[in-house]
Amino acid sequence: MRQTHHRACHLCEAICGLLIETEDERVASIKGDPDDPLSRGHICPKAIALRDIHEDPDRLRRPVKKVRDGDAVRWEEISWEEALDSTAARLLAIYREHGVDAIGIYMGNPTVHNYGMMTHQNNLFRFFRTKNRFSATSVDQLPHHLASLWLFGHKSLFPIPDIDRTDYFLMLGANPVASNGSIWTVPDVRRRIKDLTARGGRLVVIDPRRTETAALASEHHFIRPGSDALFLAALLNTLFDEALADPRQLAPFVDGLDTVAAALAPFTAEAVADSTGIDAGTIRAIARDFAAAEAAICYGRMGVSTQAFGALCQWLIQVMNIATGNLDRPGGSLFTLPAMDQISNIGPGGFNRHQSRVRGLPEFDRELPAAVMAEEITTPGEGRLRALFTGAGNPVLSTPNGRALDEALGQLEFMVSLDPYLNETTRHADIILPPTSPLEHDHYDIGFHINAIRNTARYSEAVFDKPEGSLHDWEVFAALGERVAAALGEEPRKPMAPHEMVDLGLQFGPYGKDSEHRLDLATLKANPSGVDLGPLQPQLPGRLFTAGKRIDCAVPLLLADLARLRGALDGDNGGLRLIGRRHVRDNNSWMHNYHRLVKGRDRCTLLVHPADLARHGIRDGDRARLASRTGELTVTVEASDSVMPGVVSLPHGYGHNRDGVRLGTARAKAGVSCNDITDDRWLDALSGNAAVNGVPVTLAAAPLP
Ligand SMILES: Nc1nc2c(c(=O)[nH]1)N[C@H]1C(S)=C(S)[C@@H](COP(=O)(O)OP(=O)(O)OC[C@H]3O[C@@H](n4cnc5c(=O)[nH]c(N)nc54)[C@H](O)[C@@H]3O)O[C@H]1N2
Ligand SMILES: Nc1nc2c(c(=O)[nH]1)N[C@H]1C(S)=C(S)[C@@H](COP(=O)(O)OP(=O)(O)OC[C@H]3O[C@@H](n4cnc5c(=O)[nH]c(N)nc54)[C@H](O)[C@@H]3O)O[C@H]1N2
Ligand code: SF4
Ligand SMILES: [Mo]
């Protein structure tokens, strides 16, 4: 029987609406849903891979346990009963013997794209309130959270660029044409950029690589990796110096701009020009254009977050928006009002309430930086990490100095992974618990409606029935939690299903039963393309979570960190700096096993400027040695003047040729893992976020033996 299903794509933050046609148990076609009020029919090539994920023979369908035969390792399918019982028992045994901090937890990026994981992980984790909690946050957006916490009073209250109504868009360290947008749910961004420039608006991109996004921009400026905080400080310095700062409608509730202006006095456009590689005249012109625009956006993402001054960058970006009155302004950056308002439902977050055992790095939101995971496993002493739960994460490929973590994981007493694949990380597990495929469970974007350029809401039913003998991610958490509760003598309680929680969230949300919309799950089921709740609206100061509903720009920890930034004014040492790269057909480390996405030319190449190649006696296509403090790799070199001289670029998420990895297609084009040479000690010293961009590296003609 042929049927058409509405299903949101959960693979990236653009959350495009899809129409999936099935023929009995098979996917016949996947298309964009033209009636989706947010994505308007847009999709990218990854949407089609939903079918490939579902059908992939390498995807695990049953729990497996590791069986050792001397040195050899094999995996044996076991029942859910056995897998859940023994996981709960092993975690509890280590907890009882060594204390709660002996249990580690790492949750990866797809957690946020899977509402069952978001709503139910605490069924298990509430019993293990360990200091050793980690996630992809500290290899990604931790500086954004800190800026929002300190300025707006809540870690997840992010200003969202209102691209469809802006006149001037200054974008740093983001490549939405490849990434489809991040902390900015903006499906069909390419068309929105074209519309912006077609109506006479300007997009100015600041990036060490001339990216796919830069190619559409009105202006692109190369910047030396890691120097954006200097550039931003100089923009603000110019605004204050030339009396262009004016917070307009924000003035009644904004404090501290004078303090910030005084603190930024050393960072004139002239002073930062050498270190940034952008001349003073250009910096001043950008500041003037920004201030002159009726509505302007300053936005920066991965490239300015995962670098040595990540927290300073995200703060200065928001101070730019505030100092020009472009926060909370149509065409500037606004806060959303999502139908299920998780921001109001969860705590604001906190910083540095405890520190990591070995290196003393700060926690954020009860998590420690992922960069300390390996040393917490390998360093003896009380509080040593002995057991690890990973869920939807691949930290061996995704965290800095992944090679060291790869080795450390072998020292654990017990590891369990909630993951559909036997990959670089989960190969270290004792037990792998594979959830249902994405098409076998229902879906609501708890996470990404919060960051979307328009308020909409949409619920998708499962496309296929859950196969006999399988469990959803949330059911695994519920079942494990039930077992641990029983062992600890707690009364069992039946968990609510995720869709029931969403139903309540909608009813008690801003468009719920006390509003004219009366939104609940039934409304969304009746409108499977989604419900439109309108464009973003100004909401300040009401939406702030700060005491007294004021914004204090003079954040003491950030002002103090400017002393470290002054050290960066000395300019570059002339060495090579490594940056990353995303391609629209990649998705971090886990979508290289689908033929349709990896066919064609090899994408895991090192981009090097021709002048640097000549300097090193290396030619386009050569195999060369790329080294850093932590290790070395043999890479295939690709000559390209799209990177600025002194910068080399390698994508992350490759390196699939390790022993025991069961990803047939990915292994055939394994590539190398750039995180084998990123550095667990190269961090944003304030936030503890990994600086996977701007890593000092050397290049040599001879490949590794
Ligand atoms: N196709 C695809 N889409 C994805 C993903 C994916 O892997 N593939 N991943 C998803 C995830 S988890 C995320 S977080 C988002 C990320 O979304 P984005 O941040 O939009 O994506 P990136 O391509 O990482 O863009 C970072 C940019 O920063 C630049 N950069 C590097 N160092 C510096 C620097 O020091 N200064 C400046 N100004 N720029 C710098 C890089 O050249 C790059 O262009 O993408 C999401 N979407
Ligand atoms: N050098 C460098 N390093 C980076 C980055 C970079 O730009 N450069 N980007 C960083 C960023 S932004 C991020 S977000 C991280 C990502 O880092 P991680 O989140 O650690 O890794 P992913 O590659 O997203 O791996 C996702 C895992 O989840 C599994 N999975 C997928 N869907 C599901 C599901 O529905 N349920 C369950 N249980 N499992 C699922 C996959 O099989 C895979 O094992 O990487 C970071 N690392
Ligand atoms: S842009 Fe993102 S959400 Fe849209 S189809 Fe592609 S992967 Fe899916
Ligand atoms: Mo990310």
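Residues numbered from 1 in each chain as written. Chains lettered and ligands numbered in written order. Predicted model: local features only at pLDDT ≥ 70, side-chain atom pairs only at ≥ 80, totals over all residues. Heavy atoms only, no water.

A. Seen up close, the domain arrangement of the protein chain. Domain boundaries in the protein chain define domain 1 (145–334 + 546–563) and domain 2 (573–701). Taking the mean C-alpha position of each, domain 1 and domain 2 sit 28 Å from one another. Here domain 1 and domain 2 share an interface that buries about 1900 Å² over both sides, 62% of which is from carbon and sulfur atoms. When residues of domain 1 are sorted by the area they lose upon contact with domain 2, Arg209, Pro225 and Thr306 head the list and together hold 29% of the total. Viewed at the interface, domain 2 and domain 1 are joined by one salt bridge. Salt-bridge contacts for Asp641 lead to Arg210; the nearest nitrogen and oxygen are separated by 3.1 Å. Our enumeration of links across domain 1 and domain 2 arrives at seven residue pairs in polar contact (both at pLDDT 80 or more). Counting residues per element, the ones that place at least two in the side of domain 1 that touches domain 2 are helix 4 (142–152), helix 5 (176–179), helix 11 (302–305), helix 12 (310–323) and helix 20 (556–567). (Domains from an automatic or database assignment. Buried area = accessible area lost by both parts, 1.4 Å probe. Salt bridge = Lys/Arg side-chain N within 4 Å of Asp/Glu carboxyl O. Polar contact = N/O pair within 3.5 Å; in protein donor to acceptor, adjacent residues only side chain to side chain. Helix = DSSP H or I, 4+ residues; strand = E, 2+ residues; numbered from the N terminus.)

B. Here's a closer look at the site of ligand 2. Around ligand 2, the structure places 30 residues, and the nearest of them are Tyr106, Asn109, Ser398, Asp419 and Ser589. Separating a nitrogen atom of ligand 2 from a side-chain N or O atom of Asn675 is a distance of 2.9 Å. Across the shell around ligand 2, the residue classes break down as 15 nonpolar, 11 polar and four charged. (Near = heavy atom within 4 Å. Nonpolar A, V, L, I, M, F, W, Y, C, P; charged D, E, K, R; others polar.)

C. Region of the structure containing the nonpolar core. If you look at the biggest cluster of nonpolar residues, it comprises 68 residues, and the most contacted ones within it are Leu170, Phe231, Trp315 and Ile551. With 10 residues, helix 12 is the largest single contributor of residues to this core. Listed in part, the 32 residues of the second largest apolar core include Ala83, Ile94, Leu124 and Phe414. (Core = buried A, V, L, I, M, F, W, Y, C linked by side-chain atoms within 4.5 Å. Buried < 20%, exposed > 50% of the residue type's maximum accessible area, 1.4 Å probe, protein only.)

D. View of the packing of aromatic side chains. This structure, assessed with the given rule, holds 10 aromatic pairs. Ring geometry for Phe125 against Phe477: centres 5.4 Å apart, planes inclined by 75°, an arrangement best described as edge-to-face. Taken together, the residues span a long stretch of sequence, with Phe125 in helix 3 (residues 115–125) and Phe477 in helix 17 (residues 473–487) at a distance of 352 residues. Accessibility expressed as a relative area gives 2% for Phe125, which makes it buried. Given a relative accessible area of 0%, Phe477 falls into the buried group. Relative to Trp184, the ring of Phe169 lies with its centre 5.4 Å away and its plane at 55°, an arrangement referred to as tilted. Separated by 15 residues along the polypeptide, Phe169 in strand 9 (residues 168–172) and Trp184 in the loop between helix 5 and helix 6 (189–198) bring together distant segments of the chain. (Phe/Tyr/Trp six-rings, centres within 6.5 Å; stacked < 30°, edge-to-face > 60°.)

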